[in-house]
Amino acid sequence: MKNLILFAFILGVCVTNAQEFQLTDKYNVTNQRMNNQEQEDTWLVDIIVSESPGNRLGTLTISDFGLLDEIRISVLKNPELENVSEVLKVTLEYSACCASTEEFYYLVTNDNDFIALPSVKNEYGYEPISDIHYIFPNQSFGKEGTILRAALQYTETYTIKDIKVLRSIAWNDDDFDTEDAITAINY
């Protein structure tokens, strides 16, 4: 009986972890440099594959480098999208009078190509009431073969209270049109 309970616990942990982004050192940021624009506090950083530093997969513009608190890089394994092995998420976290995050998502194909999704920005005045994220098929609330961009609303105990789908993208192994970032502002 103990073995059965232990097996069920381990299986539950594995299933739960499989649905969430996990921090990784497989990718990194490098080549921090000033942007030659009027704004002095604007910097550029490159996202690279750690084992192949010459393999730059994207460049991020950090507009308020002095307010940048943290850069987190995480992956979602096996997102259940055709020809996609993982999803890379780079989160820039800023803090000042209010907190904000900017998230950049890249679909990593089985051929090691990188397809960028439009970025997502969230600004928080106080406690997070709602924010915007991408939801992939293998995650809670995910839809088979579809990438959802959704606004999540939370209860006071930070559990998801409601989900409003902002965009539903049927995945057919194509590039995405570039568009401006979607921003959620909570005040």
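Since the structure is predicted, the reported quantities are computational estimates derived from the model, not experimental observations.

Here is what the cut-offs are and how they apply
- Residues numbered from 1 in each chain as written.
- Predicted model: local features only at pLDDT ≥ 70, side-chain atom pairs only at ≥ 80, totals over all residues.
- Heavy atoms only, no water.
- Helix = DSSP H or I, 4+ residues; strand = E, 2+ residues; numbered from the N terminus.
- Buried < 20%, exposed > 50% of the residue type's maximum accessible area, 1.4 Å probe, protein only.
- Contact = heavy atoms within 4.5 Å.

Asks: I would appreciate a short explanation of unusual backbone geometry in the present structure.
Replies: Trans peptide bonds make up most of the peptide bonds, and negative phi angles are found at most residues other than glycine. Not every positive phi belongs to a glycine, and Asn83 is a case in point at roughly 65°. Turning to its location among the elements, Asn83 is positioned in the loop between strand 5 (68–77) and strand 6 (84–95). Overall, the relative accessible area of 25% leaves Asn83 in the partly exposed class. Backbone geometry places Tyr158, a non-glycine residue, at a positive phi of 65°. By the secondary structure assignment, Tyr158 is in the loop between strand 11 (146–154) and strand 12 (160–170). The class of Tyr158 is partly exposed, set by a relative accessible area of 47%.

Asks: What's the story with the environment of Thr109 in this structure? I'm lost.
Replies: Inspection of the secondary structure assignment puts Thr109 in strand 7 (residues 99–109). Look at Thr109 and you get buried, because its relative accessible area is 5%. Taking the C-alpha atoms as reference points, Thr109 and Val84, separated by 25 residues in sequence, lie 4.2 Å from one another. Setting aside anything within four residues of it in sequence, one finds Thr109 in contact with Asn83, Val84, Ser85 and Ile115.

Asks: Explain the environment of Pro137 to me, please; I cannot follow it from the model alone.
Replies: Mapped onto the elements of the fold, Pro137 is located in the loop between strand 10 (130–135) and strand 11. Expressed as a C-alpha distance, the spacing of Pro137 and Pro79, which sit 58 residues apart in the sequence, is 6.0 Å. With near-sequence residues (within four places) excluded, Pro137 lies in contact with Pro79, Glu80, Leu81, Gly142, Lys143, Glu144, Gly145 and Thr146.

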